Amino acid sequence: FDVICGRGKSARDHQGNQLFRVAVEFAIDRYSEASTKIEKSLVVSKIVESIREKSPDGGFVKKESGRWFEVGDHMAREKVGQR
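Residues numbered from 1 in each chain as written. Predicted model: local features only at pLDDT ≥ 70, side-chain atom pairs only at ≥ 80, totals over all residues. Heavy atoms only, no water.

Colleague: Any details on the nonpolar core? Residues and values, ideally.
Modeller: With 14 residues, the main nonpolar core has Val3, Phe20, Ile47, Val48, Ile51, Phe60 and Val80 as its most contacted residues. Among the elements of the structure, helix H2 (15–33), helix H3 (37–54) and helix H4 (73–82) are those that each provide at least two residues to this core. Element by element, the count of residues in this core is highest for H3, at five residues. If sequence neighbours within four positions are ignored, valine 80 has contacts with Phe20, Val44, Ile47, Val48 and Phe60. (Core = buried A, V, L, I, M, F, W, Y, C linked by side-chain atoms within 4.5 Å. Buried < 20%, exposed > 50% of the residue type's maximum accessible area, 1.4 Å probe, protein only. Helix = DSSP H or I, 4+ residues; strand = E, 2+ residues; numbered from the N terminus. Contact = heavy atoms within 4.5 Å.)

Below you can see the structure in the form of structure tokens.
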């Protein structure tokens with residue numbers, strides 16, 4: 001269920017990234033209907049939380065120098081926002 005923060009086919013085709021896109025699609029109406037920045041932020045937070053719950057040892061990950069590491073909340077929220 002990890003979401004790979006990166007570019008390319010391997011990240012796009014990764015099962016966790018595919019499930020991530022479904023989760024965002026499911027929440028897009030709530031996000032669009034949110035009238036305040038706080039409400040929109042709560043929708044993003046729920047998506048990040050959901051991904052991290054499904055993947056307690058990972059969540060949003062990035063590979064650097066051949067090693068995987070979990071990215072922080074800022075980058076995870078940015079990934080959700082980009083989607």
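Here the narrative resumes, following the displayed structure.
Colleague: Before we move on, can you summarise H4 with the specific residues and values?
Modeller: Restricting attention to buried positions, one finds in H4 the residues Ala76, Lys79 and Val80. One side of H4 holds all its buried residues, which, seen down the axis, span an arc of 95°. Turned more than 90 degrees away from the buried face of H4 sit His74, Gly81 and Gln82, all of them exposed. Residues of H4 that are buried sit in contact with strand E1 (3–4), H2, H3 and strand E2 (60–64). (Arc of directions from axis to C-beta.)

Colleague: Please set out the pattern of salt bridges residue by residue, giving values where relevant.
Modeller: Going through the model one piece at a time under the given rule, you end up with four salt bridges. In this structure, aspartate 13 and lysine 9 form a salt bridge, with 2.6 Å as the shortest nitrogen-oxygen distance. Highlighted residues: aspartate 13 and lysine 9, both in helix H1 (residues 9–13), separated by four residues, approximately one helical turn. Using a relative accessible area of 33% as the deciding quantity, one classes aspartate 13 as partly exposed. For lysine 9, a relative accessible area of 55% puts it in the exposed group. Ionic contacts of the salt-bridge type, sharing partners, join the residues Lys9, Arg12 and Asp13 into one network. (Salt bridge = Lys/Arg side-chain N within 4 Å of Asp/Glu carboxyl O.)

Purely geometric stuff here, so don't read any function into it on its own.
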